[in-house]
Amino acid sequence: MDGITQRTPRPDGVFPRRTVAHVATDAAIGRTFDYAIPPELAASVGPGSLVRVEFGRRQIDALVLDVSDRSAHPGALKPVLGAAAGKPWLSAALIKLARWMSSYYLAPIELCLKIMLPPVVRDGTREDGFKRRLVVRRARGSAAAKPATARQREILERLGDGEENVAGFCKAWGVSPPTLRKMAAAGLAEIFEKVERRDPLAGRRVLPSRPLPLTGEQAAALALVRAACDAPADGPPPRPVLIRGVTASGKTEVYLQAIAGELAAGRGAIVLVPEIALTPQTIQRFAARFGNTVAVLHSQLGAGERHDEWARIRSGEARVVVGPRSALFAPVERLGLIVVDEEHEPSYKQDETPRYNARDTAVVRARFEHCAVVLGSATPSLESWRNAQDGKYALATMTRRAVGEAQLPRTVVVDMRGEAAKAEGKLPVFSETLVQAVRRRLELGEQTMLFLNRRGYAPTVTCPSCGHREECSECSVPMTWHRDDGVLRCHVCGAFRSPPRRCPACGCPDYRYGGVGTQRVEAVARRLFPGASVERMDLDVTTRKSSHEEILDRFRAGKTDILVGTQMIAKGLDFPNVTLAGILNADAGLAVPDFRAAERTFQLVAQMAGRTGRGLRPGDVIVQTLSPDEPAIRLAAREDYEAFARGELAERLELCYPPFAHLHCATFRSGNREAAAAAAARFAAAVGRSERYLLGDAAPAAVEKAKGLWRFQVVLRGPDPAALLERLRAALAATAAAAERDRVSVSVDVDAVGAF
Ligand code: ADP
Ligand code: ZN
């Protein structure tokens, strides 16, 4: 493709007229097509234009990637039939970014373009997706007629000088729409359509906020960001800035002031936050500072809202975009700054094609746009940390909390082996230390958050006489008992069934409900603290759109003393009255078969610490564990990120894991176990051994069967990304036909994040 897009000037130095459009369309994956640009469309077709073309016997929309004066296509080209008016839908930098993603993440370019230009936005180009409503107002100017009847006079009085929604006005005053229309025809009133913005922030009262005087650490961080923002346009792109700032050190305030500087310079900004942290609280902080120039994109927006927010960004009305990973592709013109908050979050990785990491892709977009990029975290990913150590990134460190004297929380590690010994070998849900600490909070009227990484009541259901375990029939995982609705539920596929009366293997009538889930923590907490109000927040109680917010509102208002929950409560919440955070089983995360397990556990402890003591009173964190000597737990308790990173990096270097290597994972899925295993083995053989990388054997995935499909994996890692990608491409090409024949689906996860 690159071969045909080059343009040679004629001897007189003028480019020939670009007569060929190279387009991509999701009607055909993995290929681009050439169409002839008719002279009358020459002015409106360029890179990034949306065009209408004939494809087979259909007419479809396609996106122009490039225009040139030649085509590698041998025959005559079909003409472009039409082009969407206005400026291009994707900038040159975004097209370049899509190409980079397509090549780096081994994803078809159409799918990369599709996330940049979602269908709802594209559809808007044809029918213009705005919502309109009819409004009525009094006729103005000299042409306005005089009312002929008392009724008409009355209606005009009610209309006053404003505009009224036709439907609402008619309903409120008992006027029929034909009456209004007659008045309009008589020149008494005007009825017209008005575009109505569907505003995701509507109905929220946002009080404006002003920039706060910065602490010394904040000022230093801001200076680093400003320097990157002001990098000269003709020099090299600025270095990315990593801000390592403990929770509540005021990173967000630094972002806000950096963005304000960009707006003042006529540039725009994109702020990425993990979806789970995209709470009304977060959105309001940006809206309070920047008002209407903020656009919010998140997954719960309706199609209409998304279209309208997109249109506001495209028109330049909104200059600051806040959203989860896909907001990275917002068409902000004159982009000055990209912020990736909580840059270590695994949710920045998309788990379907294109499997991009928004943090890494943000760094690349910033390079293409020649703009600044800031990565912020209390516990940076080791990838970013190493880049900062190597000087590839500029580093700002914020070690103190911003508010008054707010101190970092004290962390106590409770050795649960001792607790079990005290209780005749039975592991209690709450240690004595935790019970005491919660009691004290209840006496003081302060609040507690309790974290457990498992929902349901009992995660394993086992027969006491034969050891039979209830597993999902479609997935190779045990079923979790949910006491709320009395069913066994699979957390991989969602299947549920009522628990069998007798063990299906041996007929024994009892089952043992083992392990601890959030429902059980909630039940135990109610028993241990009878006067307290306890609430639970996890996927099971937040399936309704608003219940998540309702639970948090009650907690914020102090109606809840103890909030039990999963990841949902660990991230980004800011409640000044929370002075105790408990992690009930810190070992659960360490047991995961992922080389990042220690890093994730460290992050979790730090995050929970970040939820406490955000007001004026100091906070406590209690970590219950069976392995108190694990560095991830010991060093997290001391908030010693640098020591943790040093030890962990040494280990990763020795074992050749990221950040010293890239790690890619190919997954083979099939309803037939042997077919999946064979495809993985064929693929590994096609990659071949080499000194340049480490190739793992084809092996079952951590969850071997999910949703009825068997999964086998091949992991490839090594320091040279180009060499790895070359081998992956070659092996994919060599084995595609056999995989298709055997109905095995193949996906390659470049820079994989997650369990292995
Ligand atoms: P982070 O993003 O690092 O978690 P925040 O920006 O949310 O930290 O700041 C934590 C709290 O401190 C917020 O309530 C914020 O309003 C307040 N804060 C931040 N910077 C300052 C400052 N310079 N002076 C006073 N309060 C501040
Ligand atoms: Zn299942």
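Residues numbered from 1 in each chain as written. Chains lettered and ligands numbered in written order. Predicted model: local features only at pLDDT ≥ 70, side-chain atom pairs only at ≥ 80, totals over all residues. Heavy atoms only, no water.

**Focus: the side chain of Thr-448**
Piece 1. With respect to the helices, strands and loops of the structure, Thr-448 is situated in strand E17 (residues 447-451).
Piece 2. Once residues within four sequence positions are removed from consideration, Thr-448 is found in contact with Val-438, Arg-441, Phe-555, Asp-561, Ile-562, Leu-563 and Leu-580. (Helix = DSSP H or I, 4+ residues; strand = E, 2+ residues; numbered from the N terminus. Contact = heavy atoms within 4.5 Å.)

**Comments concerning the site of ligand 1**
Piece 1. Surveying the vicinity of ligand 1 reveals 17 residues, the closest of which are Pro-213, Gln-218, Lys-251, Thr-252 and Arg-285.
Piece 2. In the model, a nitrogen atom of ligand 1 is placed 2.7 Å from a nitrogen or oxygen of the Pro-213 main chain.
Piece 3. One of the side-chain N or O atoms of Thr-252 is found 2.7 Å from an oxygen atom in ligand 1.
Piece 4. Relative to its free-state accessible area of 550 Å², ligand 1 is covered by the protein chains to the extent of 78%.
Piece 5. Its residues assigned to classes, the shell around ligand 1 shows seven nonpolar, five polar and five charged. (Near = heavy atom within 4 Å. Polar contact = N/O pair within 3.5 Å; in protein donor to acceptor, adjacent residues only side chain to side chain. Areas by Shrake-Rupley, 256 points an atom, 1.4 Å probe, with all protein chains shown as cover. Nonpolar A, V, L, I, M, F, W, Y, C, P; charged D, E, K, R; others polar.)

**Here's the deal with the coordination of the zinc ion (ligand 2)**
Piece 1. Those protein atoms acting as donors to the zinc ion (ligand 2) are Cys-472 (SG), Cys-475 (SG), Cys-490 (SG) and Cys-493 (SG), and they sit at 2.3 to 2.4 Å.
Piece 2. If you look at the zinc ion (ligand 2), its four donor atoms make angles of 107 to 113 degrees with each other, and the shape they trace is tetrahedral.
Piece 3. Here the donor residues for the zinc ion (ligand 2) map to a single chain with the spacing C-x2-C-x14-C-x2-C. Of this pair, Cys-472 sits in the loop between strand E18 (460-462) and strand E19 (480-482) while Cys-493 sits in the loop between strand E20 (487-489) and strand E21 (496-497), placing them 21 residues apart in sequence.
Piece 4. For Cys-472, a relative accessible area of 6% puts it in the buried group. (Donors = N, O, S within 2.8 Å, 3.2 Å for Na, K, Ca; no water. Tetrahedral: all angles 85-135°; square planar, octahedral: opposite > 155°, others 65-115°. Buried < 20%, exposed > 50% of the residue type's maximum accessible area, 1.4 Å probe, protein only.)

**Remarks on the sheet that holds strand E3 (residues 50-55)**
Within a sheet, neighbouring strands are paired by backbone hydrogen bonds and run either parallel or antiparallel to one another.
Piece 1. Taken in spatial order, the five strands make up an open sheet running E2-E1-E4-E3-E5, and their pairing is antiparallel. Two strands lie at the open edges of the sheet, namely strand E2 (28-36) and strand E5 (82-83), each paired on one side alone.
Piece 2. Direction of pairing for strand E1 (residues 20-25) relative to E2: antiparallel, over a ladder of five bridges. What sits directly across from Thr-25, in E2, is Ala-28.
Piece 3. Packing of helix H3 (residues 109-116) onto the sheet brings it into contact with E1, E2 and strand E4 (58-68), and relative to E2 it is tilted by some 85 degrees. (Pairing = 2+ DSSP bridges. Axes fitted to C-alpha atoms, helices over the stretch in contact; angles between N-to-C directions.)

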